[in-house]
Structures are given as structure tokens and as C-alpha cells.
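# Commentary on secondary and tertiary structure
Here are the chains, one letter per residue:
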Amino acid sequence: SFGEMALLLLGGKMIEASAQFAAALASLEVSYGNTHPRCTQVAAALGSCLANMGKHTAAEPHLRRAFRAWEASLGPEVSETIGMQCELARSLKEIGKVEEAASLFKQAVASSKVALGENASITLERACYLGDLLHELGHGEEAEQQYRWVQAKQRACLGEKHPETLEVQTKLGDLLTETGSLEEAEKLHREVWAAAQAEGNEAKAMASAVHLASALQKRRKFAEAEPLLEAELLWREKVDGIGSEGFLASVRNFARFFEDQGRFIECEALYRRSLASFEEKLGADTDHPSAMSIMADYAQHLVLQDKLEKAEKLHRHAMQKREARLGPDHPDTLASLDCVGALLQMRGELEAAEKLHMRALAGLEAKLGSEDPTTLRAMANMANLLACQERWPAAEAMHRQVLQVREAKLGPDHEDTIDSTGSLANILVARNKADKALPLVQHELAWHEQRYGKKDERTLQCARRLSDLKGLLGPTATTPNARTK
């Protein structure tokens with residue numbers, strides 16, 4: 001019966017419940033036809049069950065079927081319809097259909113305002129999630145509007161210090177940090193940090209300190225940001241442990257802080273210190289996933305300093321440990337394989353590098369899909385190899401593909417997008433398309449100036465590239481008002 005299946009769900013027996021829901025749906029469709037209300041009810045339950053199991057691709061058709069049926073029979077502004085619409089949108093987001101998910105959530109938020117009222121907590125929750133989707137899509141202005149609207153409502157209904165108010169304030173602050181409204185971003189994050197400290201909640205205070213440090217870092221207030229990151233790292237190690245995701249994220253945040261300032265000695269010391277903690281607590285031959293991630297990050301840091309021999313040794317060690325623990329086709333193993341290929345490419349061993357890149361890229365596409373960040377990194381490395389082999393059309397096409405996906409998913413000013421922008425510009429120059437490369441390098445330089453400052457060597461190197469490019473173009477070189485031109 002439906003009640004028995006519901007009990008399975010309550011007991012956490014998702015697999016058994018989904019099997020019974022599927023069998024019940026098939027039986028009901030035979031007895032009553034596809035459009036019967038009971039069929040819709042069971043399809044909704046099956047879709048929800050599959051979504052809760054993380055099987056969003058399998059859940060999508062059932063959730064979509066239930067939503068469309070209830071939209072037609074009950075109307076778009078009924079709570080059951082809106083709830084199913086949101087559940088469908090969340091599954092769509094999980095399988096990469098973010099544009100459609102955002103469109104559905106826009107409709108759901110509008111319907112919630114009518115059906116439940118603008119001040120209803122579920123309306124505000126949905127509006128905030130819509131802001132998250134718009135942020136992910138790179139629609140900064142729309143996302144900002146959503147966050148500000150939700151923040152104003154929550155301040156009025158819940159108060160300025162309520163956890164839900166502070167949560168959306170943090171999201172707004174992060175968005176403003178990304179879009180360059182740094183003074184307001186710092187102010188918002190300081191308020192959240194102060195509220196967490198006043199509450200005496202150390203976990204919240206440490207989490208908010210990281211967001212504040214990011215805004216301070218963008219404002220080049222490094223002296224204020226550094227103790228916040230240091231304190232958060234020590235707290236993560238003590239409370240969460242070195243094997244936690246929180247500790248790994250803290251190491252990466254602090255390492256990026258040092259790299260952005262060109263403080264490579266401190267950055268290397270941080271990586272060594274972190275790996276030493278793993279060796280001390282887990283043994284010198286540890287293969288813990290977080291330790292291998294830090295080792296891989298350390299190797300990439302060494303590449304920045306042209307310490308290629310040591311970097312290759314670390315990458316190969318991480319690759320061997322990951323292969324032994326996770327298997328040869330695990331994404332982490334394939335990512336290490338791709339990094340080794342990139343190092344071989346830098347040493348001029350192009351044939352050996354190509355074999356590793358092809359194997360890594362094929363495996364990552366099969367495991368993660370062509371738009372996953374790890375796959376895109378492998379694709380960019382493959383495009384760089386094609387450029388080294390002077391296979392210019394193929395290199396340009398692959399770099400364009402990577403850039404297009406990164407712009408859509410991360411926005412034009414994300415670090416990975418900027419990396420693709422510079423790579424594509426280099427290919428265009430090599431193919432005598434300097435005029436098309438010009439706006440790309442101009443955008444790249446503007447980003448470097450904002451990120452690192454005008455006197456940083458990375459910014460100066462980019463400025464020299466732009467100067468050389470304008471020299472190639474002569475008096476015809478122009479400076480567009482916007483990159484899109």
C-alpha cells in the first residue's frame with residue numbers, strides 16, 4: 001500500500017521504497033491510464049525518492065510529469081504545484097540544467113508571493129535559492145536584486161541578527177566581492193563576523209572570518225586578512241581534524257592568499273607544514289585523499305616557480321597513491337595523470353604527454369562529463385599540447401570550447417575563465433589574428449590589475465603582452481569600451 005511505502009521512506013529504506021513506487025506506478029498505469037491522479041501522486045513520490053537518493057537524472061521525468069499534471073489540474077499557484085516545481089528545478093540544477101532550473105524557480109517565487117505572501121519563510125527561502133542559481137549562472141545583477149530583496153524582508157520580519165538574515169547577507173557580500181563592490185562587501189561581512197563573535201559561536205565566527213578575509217584580500221588589506229586565515233586554519237585542524245574537507249579548504253584558501261601576493265616561500269612552507277601534519281598523525285606513507293590533494297596543489301605551486309623536477313616527483317607520487325587506493329579510472333587519479341602529462345609537455349616530451357592527456361581526458365569525460373571543472377582543465381591542457389605541436393585550428397577550437405563553458409558557468413571574471421581567455425589570445429596571435437586577440441588581452445590585463453595590483457610581476461607581464469600586441473597591430477589598434485565589442 002501507499003502507507004507501507006511511506007513507512008519505508010521514513011525508515012530511510014530508499015532503495016526498497018523506490019522499487020515499490022516504480023512497481024506501483026506501472027500497475028496503476030495499466031489499470032487507470034497515465035493521466036489518472038493516483039498515477040501522478042505515485043510518480044511524484046517516486047521522483048522525490050530518487051532525488052533524495054541523488055539519482056536526479058532518473059528523478060527528472062517523474063518530477064516533471066507530476067509538476068505538469070498538477071499545474072494543469074490544480075493551477076500554478078497551489079502549494080503542491082509550487083513545491084513540485086521547486087523539487088524539479090533542484091534536480092535539474094544537479095544534472096547541469098541550471099538555466100531551466102532558474103527559469104522554473106523564477107516562476108515558483110512569483111507564484112509563492114501570490115499564494116503564500118511575500119513575507120512567508122518558504123517564499124524567502126525560494127527567492128534566496130533563485131539568487132544562488134542566478135549567481136552560479138553569472139547573472140550578477142539579477143542575483144544581487146534577489147539577495148537584497150530577501151535581506152530586506154528578513155531584516156523586517158526576523159531582525160538584523162537572525163541567522164537566516166545573516167546567511168543571505170553573507171551570500172550578498174560574497175557576490176559583491178566578486179563583482180567589485182568591495183567596500184560594501186567588507187562592511188556586510190564585518191557585520192556577520194561581529195554577530196557571530198557576539199553570539200559566542202566559534203564555528204560561525206571562523207566561517208564568517210574566511211568570507212571577510214576574502215573581501216579584505218581583494219581590497220589588498222593583507223595585514224588584516226592574514227591573521228583571520230591563520231586562526232581559521234588552526235581552528236579547523238584542531239576541531240575538524242586534518243582529514244576534513246574544512247581543513248583542506250583552509251589550506252587552499254591560505255595558499256591562494258600567499259600566491260596572490262607572490263609570497264612563494266610562505267606558501268611552500270604552508271604546504272610542507274600541512275603535509276608534515278598528515279605524516280605525523282597518519283604515517284609517512286599515508287594515502288589519505290586530503291593529503292594527496294594538498295600534495296597535488298603543492299606540486300602545481302612548484303610549477304609556478306619552474307621547479308619542474310620536484311613537481312613531477314610529487315605528482316607521480318600522488319598519482320600512484322590515488323591509483324592504488326581509488327583505482328586507475330577515479331577522477332582524482334586521472335587528474336594526477338593529466339598533471340604529469342602537462343609536466344612532460346613542459347619538458348618537450350610531447351608524444352608521451354599526448355598519451356597521458358588523451359587517456360586522462362577520455363576518462364574524465366566518461367566519469368564527469370565534458371563540462372565538469374576537472375574535465376575542462378584536462379581539455380585546456382590538451383589544447384595547450386596541440387598548440388605546442390602547432391596544430392593551431394584544433395587548439396583554437398578546443399580553447400574556445402573551454403572558454404565558452406567557463407564563461408557560462410563561472411562568469412567572465414573567474415580565474416579559470418581568465419586563464420582560458422589568455423590561452424585563446426595566444427593561439428589567435430599565433431594564427432595572425434591579433435585584432436581578435438586584442439580585446440581578450442585587454443580584459444585579461446584589467447583583471448590582473450584588479451586582482452594583483454598594477455605593480456605585480458604577473459600584471460606587468462600581461463601589460464607587456466598587450467603592448468607587444470598593439471605593436472603588431474600598429475595604429476589600427478583600438479581599445480573597446482567593453483569586452484563584448
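Bear in mind the structure is a predicted one, so any value in this text is a computation, not a measurement.

## Some remarks on the packing of aromatic side chains
- Applying the stated rule across the entire model yields eight aromatic pairs.
- Here F254 and F257 contribute two aromatic rings whose centre-to-centre distance is 6.0 Å and whose plane-to-plane angle is 45 degrees, an arrangement assigned as tilted. In this pair, F254 and F257 both sit in helix α13 (residues 245-260), three residues apart, roughly one turn of the helix. With respect to class, F254 is no different from F257; both count as buried.
- Positioned above the aromatic ring of Y129 is the side chain of R90, whose terminal nitrogen or guanidinium carbon lies 4.2 Å from the ring centre.
- Its end group placed over the ring of W149, K113 keeps NZ or CZ at 4.2 Å from the ring centre.

## A short note on the nonpolar core
- Counting residues in each nonpolar core, the largest one holds 50 residues, and the members touching the most others are F21, M84, F105, L133 and Y147.
- Per element, the largest residue contribution to this core is nine residues, and it comes from helix α3 (residues 37-52).
- Among all residues touching L133, those that are not within four sequence positions of it are K93, V98, A101, A102 and F105.
- Residues L212, F254, C267 and A299 belong to the second largest nonpolar core, which totals 35 residues.

## Digging into the packing of helix α10 (residues 182-199) against helix α11 (residues 202-218)
- Orientation of α10 relative to α11, taken along the N-to-C sense of each, is 160 degrees, at an axis distance of 9 Å. Relative to α11, the element α10 is oriented roughly antiparallel. Here the hand of the crossing between α10 and α11 comes out left-handed. Contacts from L182, A185, E186, H189, R190, V192, W193, A196, Q197 and E199 in α10 reach K204, A205, S208, A209, H211, L212, A215, L216 and K218 in α11.
- The class makeup of the residues in the contact of α10 with α11 is ten nonpolar, four polar and five charged.

## A word on the pattern of salt bridges
- Within the structure shown, the criterion is met by 43 salt bridges.
- Across the salt bridge formed by D287 and R325, the nearest N and O atoms sit 3.0 Å from each other. Within this pair, whereas D287 is found in the loop between α14 (264-282) and α15 (289-304), its partner R325 is found in helix α16 (residues 308-326), the two being separated by 38 residues in sequence.
- Among the residues examined, R325 registers a relative accessible area of 43% and is labelled partly exposed.
- Among the ionic pairs, R464 bridges to E457, the shortest N-O distance being 2.6 Å.

## Quick look at the confidence of the model for the chain
- Of all residues in the chain, 95% attain a pLDDT of 70 or more, and the chain-wide mean is 91.
- Confidence over residues 479-485 falls short of pLDDT 50; this stretch has twelve contacts with residues more than four positions distant or in other chains.

## Some remarks on α13
- Taking 1.5 Å as the rise per residue, α13 with 16 residues should run 22 Å; its terminal C-alpha atoms sit 22 Å apart, in good agreement.
- Considered for burial, the residues of α13 that qualify are G246, F247, L248, S250, V251, F254, A255, F257, F258, E259 and D260.
- Backbone geometry just after α13 places G262 at a positive phi near 75 degrees.

## Quick notes on the state of the cysteines
- For the structure shown, the criterion picks out zero disulfides.
- C86 takes part in no disulfide bond, and the closest cysteine sulfur to it belongs to C128, at a distance of 13 Å.
- We classify C86 as buried; its relative accessible area is 4%.
- C462 carries a free sulfur, and the closest cysteine sulfur to it, the one in C388, is 20 Å from it.

## Examining helix α19 (residues 373-388)
- Given a rise of 1.5 Å per residue, 16 residues ought to cover 22 Å, and the 23 Å separating the end C-alpha atoms of α19 matches this to within 8%.
- Here α19 lies mainly inside the structure; twelve of its 16 residues are buried.
- When α19 is considered as a whole, its buried residues turn out to be T374, T375, L376, A378, M379, A380, N381, M382, A383, L385, L386 and A387.
- Summarising the contacts, the buried residues of α19 are in contact with α17 (331-346), α18 (350-368), α20 (392-410) and α21 (415-430).
- If you check the start of α19, you find a side-chain oxygen 2.9 Å away from the backbone N of T374, and it comes from D372.
- E390 lies just past α19 and shows a positive phi near 60 degrees.

Basis of the calculations
- Residues numbered from 1 in each chain as written.
- Predicted model: local features only at pLDDT ≥ 70, side-chain atom pairs only at ≥ 80, totals over all residues.
- Heavy atoms only, no water.
- Phe/Tyr/Trp six-rings, centres within 6.5 Å; stacked < 30°, edge-to-face > 60°.
- Helix = DSSP H or I, 4+ residues; strand = E, 2+ residues; numbered from the N terminus.
- Buried < 20%, exposed > 50% of the residue type's maximum accessible area, 1.4 Å probe, protein only.
- Lys NZ or Arg CZ within 6 Å of the ring centre and 35° of its normal.
- Core = buried A, V, L, I, M, F, W, Y, C linked by side-chain atoms within 4.5 Å.
- Contact = heavy atoms within 4.5 Å.
- Axes fitted to C-alpha atoms, helices over the stretch in contact; angles between N-to-C directions.
- Parallel < 35°, antiparallel > 145°, perpendicular 65-115°, else oblique.
- Left-handed = near helix turned anticlockwise from the far one by under 90°.
- Nonpolar A, V, L, I, M, F, W, Y, C, P; charged D, E, K, R; others polar.
- Salt bridge = Lys/Arg side-chain N within 4 Å of Asp/Glu carboxyl O.
- pLDDT = per-residue confidence, 0-100.
- Expected span 1.5 Å × (residues − 1).
- Disulfide = S-S within 2.5 Å.
- Polar contact = N/O pair within 3.5 Å; in protein donor to acceptor, adjacent residues only side chain to side chain.

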